[in-house]
Amino acid sequence: MPLFFLIPLFTGLATGYLSKKCSDELAYLTGIFTIISLVVSLVLAPWQIQLLLLVFVVITTNKLLRDNDKKYTQASKK
């Protein structure tokens, strides 16, 4: 499994850390670079990691939707 996706991932994490320490204008630029590098690392990630991430997102989304549905139905009954 090639680990090329780790290079933009660690670069993005490092720039994200630096963006918290910088002034406003520089923080915006480093934040944009962080987002771009994280997206690139997800595109370059092997399919196994992408599949694990997809399963995690689906499970988390279903749980949040169920919780919100319970709150909505309880609020509508009152």
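Throughout, a residue's number is its position along its own chain's written sequence, starting from 1. For a predicted model such as this one, the threshold for reporting local features is a pLDDT of at least 70, and the threshold for listing and counting side-chain atom pairs is 80 or more; totals across whole chains, interfaces and linings nevertheless cover every residue. With hydrogens and water set aside, each side-chain value is computed from the structure's full complement of heavy atoms.

Caption draft 1: Molecular detail of a nonpolar patch on the surface. Taken together, the side chains of Trp47, Leu51, Leu54, Val55, Val58 and Ile59 present a nonpolar region at the surface, about 610 Å² in accessible area. Segments assigned H or I by DSSP are reported as helices when at least four residues long, segments assigned E as strands when at least two residues long, and all are numbered from the N terminus. With respect to the helices and strands, Leu51 occurs in helix H3 (residues 47-77). For every residue, the accessible area (1.4 Å probe, protein chains only) is compared with the maximum for its type, and the residue is labelled buried under 20%, exposed over 50%, or partly exposed between those bounds. Leu51 sits in the partly exposed class, given a relative accessible area of 44%. To count toward a patch, a residue needs a relative accessible area above 30% and no salt bridge. Like charges then connect within 9 Å, nonpolar side chains (Val, Leu, Ile, Met, Phe, Trp, Tyr) within 5 Å. Computed with the Shrake-Rupley method and a 1.4 Å probe, the accessible areas treat only the protein chains shown as cover for residues. The working definition used for a salt bridge is a side-chain nitrogen of Lys or Arg within 4 Å of a carboxyl oxygen of Asp or Glu.

Caption draft 2: Quick peek at the UniProt feature "transmembrane region" (unreviewed entry) in the chain. UniProt positions are given in the numbering used here, feature names are shortened, and annotations may be inferred rather than shown by experiment. The residues that UniProt annotates with the feature "transmembrane region" (unreviewed entry) are residues 26-59. A helix fraction of 94% and a strand fraction of 0% characterise residues 26-59, whose end C-alpha atoms lie 36 Å from each other.

Caption draft 3: Fine view of the pattern of salt bridges. Counting across every chain of the model gives one salt bridge. For Asp67, the salt bridge identified is with Lys63, shortest N-O distance 3.4 Å. Taken together, the residues Asp67 and Lys63, both in helix H3 and four residues apart, mark about one turn of the helix.

Caption draft 4: Molecular detail of the environment of Val43. When you line up the elements, Val43 lands in helix H2 (residues 24-44). Of the residues examined, Val43 reaches a relative accessible area of 61% and is grouped as exposed.

Caption draft 5: Inspection of the side chain of Thr34 at higher detail. One can find Thr34 in helix H2. Contacts described as polar in this section are N or O atom pairs within 3.5 Å, which, within protein, must combine one atom able to donate a hydrogen with one able to accept it, while residues neighboring in sequence count only if both atoms come from side chains. From its side chain, Thr34 meets the backbone nitrogen of Gly16 in a polar contact 3.2 Å long.

Caption draft 6: Up close: the domain arrangement of the chain. Here the bounds of each domain stem from an automatic or database domain assignment. According to the domain assignment, the chain consists of domain 1 (1-45) and domain 2 (47-77). Put simply, the middle of domain 1 and the middle of domain 2, counted by C-alpha atoms, are 27 Å apart. The criterion used for residue contact is that any of the two residues' heavy atoms lie within 4.5 Å. Contact with domain 1, which involves five residues of that partner, is made by five residues of domain 2. Counting each side, the surface lost to burial between domain 1 and domain 2 is near 380 Å², with a carbon and sulfur contribution of 68%. Where domain 1 packs against domain 2, one counts zero salt bridges. Scanning the region where domain 1 abuts domain 2 turns up three residue pairs in polar contact (both at pLDDT 80 or more). Under the scheme applied, nonpolar residues are Ala, Val, Leu, Ile, Met, Phe, Trp, Tyr, Cys and Pro; charged residues are Asp, Glu, Lys and Arg; polar residues are all the others, including Gly. Its residues assigned to classes, the side of domain 1 that touches domain 2 shows five nonpolar, no polar and no charged. For any pair of parts, buried area is found by adding up, for both, the accessible area (1.4 Å probe) each one loses once the two are put together.

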